[in-house]
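Tertiary structure, described
Chain by chain, the residues:
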Amino acid sequence: MALRIGMIAVGLLLMAVAGVLLGTLSLEQAMTRAWVMQDLRLSRVVIAILAGSALGVAGALTQGVIRNPLASPDLIGVTAGASLAATATLLLFPQLAHAWLIPAAIVGGLVSLLILLWLAGDSKLNPTRLVLVGIALSFWFGALVDWLLSSQPQQINAALVWLTGSLWGRGWSHVWILLPWLLVLLPAAFTLSLKLDLLALGDESAQCLGTDVKRVRLLALILAVTLAAVSVAVCGAISFIGLVAPHLARLLVGGRHLLLMPTAALLGAALLLLADITARTLTPPIELPAGVLTAIIGAPYFIFLLLRYRGW
């Protein structure tokens, strides 16, 4: 297991180097302009690693609580709720500093979680019901975002770039906005590893072993929502990383969350970094949104999982 995790970490490091070296400008041109590599490319690499890690862990927490590999923050509507709140902040209060997007997105994500739990109406968190209700909520929140865009055309360009999930225009200021949140949230998520392992045994078994099932589920969901919302606030709506990263991690290191969550963090970082590198090198000088590429890859993978787990 340690070897596999080490290989993933080495692969992430190599991609980080590639992220600094590759871009619209050739390596020779970029090296003559040090600010291109230091202020533009390196900062984007760091943001991709941080945000991707947050999304990977958020997905692992969500799947651990619901005990279903089909669960992720974007599929249960949480990401869409965070996007709606952040979009409303961007369009209605354009003078606010970018740091205010994070608390706005967190509030939107938590409100969407409350609506989801209320509409699902199932204390046992039935996975199929949560996914179906979450998809419906995502459409509803998406319609509200469209209405906001139509009613505030003067701010539409910035909002559209952000909504597609892009690291374009992100710099060191965004790193310092994102980093303090993750320094608190990621360690807090890792402390739930044992409790999530006990939840996997079933509610009755977990309770017999001294676990407060409802408290652990609520805390894990709040952490998952907050991690996803923080990432959304900085990078926009990046879809499917929270689904794919923990599922791949489970295939590589098994279901023990002590190994699963760090692996999901590494894979989430690698997936978002790879998407960003591809987005800015595929069709230069035009830069594609990273969120578009993750959706192109993630949607077929979700269909594959639906077919694999169709008995649920």
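Structure: see above.
Reference entry: report on the structure contained in this document.

About the thresholds
The written sequence of each chain sets the order in which its residues are numbered from 1. Whole-chain, interface and lining totals are the exception, using all residues; otherwise, since this is a predicted model, local features are given only for residues with pLDDT of at least 70 and side-chain atom pairs are given and counted only at 80 or more. To get the side-chain values, take all heavy atoms of the structure and skip hydrogens and water. Helix and strand assignments come from DSSP, with helices taken as H or I runs of at least 4 residues and strands as E runs of at least 2, each series counted from the N terminus. Each helix should span, by expectation, one fewer than its residue count multiplied by 1.5 Å. We call a residue buried when its accessible area falls under 20% of the maximum for its residue type, exposed when it is over 50%, and partly exposed in between, using a 1.4 Å probe and counting protein chains only. Fitting a line to C-alpha atoms yields each axis, with helices limited to the stretch in contact; the angle taken between N-to-C directions then spans 0 to 180 degrees. When an angle is under 35 degrees it counts as roughly parallel; over 145 it counts as roughly antiparallel; between 65 and 115 it counts as roughly perpendicular; any other value is oblique. When the near helix sits turned anticlockwise from the far one by under a right angle, the crossing is termed left-handed; a clockwise turn instead gives a right-handed crossing. Contacts: residue pairs with any heavy atoms within 4.5 Å of one another. By the convention adopted, Pro, Cys, Tyr, Trp, Phe, Met, Ile, Leu, Val and Ala count as nonpolar, Lys, Arg, Asp and Glu as charged, and the other residues, Gly among them, as polar. Any Lys or Arg side-chain nitrogen found within 4 Å of a carboxyl oxygen on Asp or Glu counts as a salt bridge. By convention a nonpolar core is built from buried Ala, Val, Leu, Ile, Met, Phe, Trp, Tyr and Cys residues, the set being connected through side-chain atoms within 4.5 Å.

The subject of this paragraph is helix H5 (residues 101-120). Relative to the 28 Å expected for 20 residues at 1.5 Å per residue, H5 spans 28 Å between its end C-alpha atoms, a close match to the ideal helical length. Of all the positions in H5, only Leu 101, Ile 102, Ala 104, Ala 105, Ile 106, Gly 108, Gly 109, Ser 112, Leu 113, Leu 116 and Ala 120 are classed as buried. Following H5 by one or two positions, Gly 121 has its phi on the positive side, about 60°.

What follows covers the packing of helix H12 (residues 241-253) against helix H13 (residues 257-281). At a minimum axis separation of 8 Å, H12 and H13 run at an interaxial angle of 130°. Relative to H13, H12 is oriented oblique. Seen along the crossing, H12 lies across H13 with a hand that is right-handed. Mapping the contact onto sequence places Ile 241, Val 244, Ala 245, Pro 246, Leu 248, Ala 249, Arg 250, Leu 252 and Val 253 in H12 and Leu 259, Leu 260, Thr 263, Ala 264, Leu 267, Gly 268, Leu 271 and Leu 272 in H13. A per-class count over the contact of H12 with H13 returns 14 nonpolar, 2 polar and 1 charged.

Here the focus is the pattern of salt bridges. According to the stated counting rule, one finds 2 salt bridges in the structure shown. Put simply, Asp 276 and Arg 44 hold a salt bridge, and the shortest N to O gap is 2.5 Å. Here Asp 276 is found in helix H13, whereas its partner Arg 44 is found in helix H3 (residues 34-66), with 232 residues between them in sequence. The buried category is assigned to Asp 276, whose relative accessible area is 1%. Classification of Arg 44 by relative accessible area gives buried; the value is 8%. For Asp 276, the salt bridge goes to Arg 280, with nearest N and O atoms at 3.3 Å. Here Asp 276 and its partner Arg 280 are both found in helix H13, 4 residues apart, which amounts to about one turn of the helix. A single network of salt bridges, built from pairs that share partners, joins Arg 44, Asp 276 and Arg 280.

Another aspect to go through is the nonpolar core. Val 57, Leu 61, Leu 182, Leu 196, Leu 227, Leu 272 and Leu 273 are the most contacted members of the largest nonpolar core, which totals 90 residues. Looking at this core, the element that brings in the most residues is helix H11 (residues 213-235), giving 15 residues. Not counting chain neighbours up to four residues away, the residues in contact with Leu 196 comprise Leu 61, Gly 64, Val 65, Ala 220, His 257 and Met 261.

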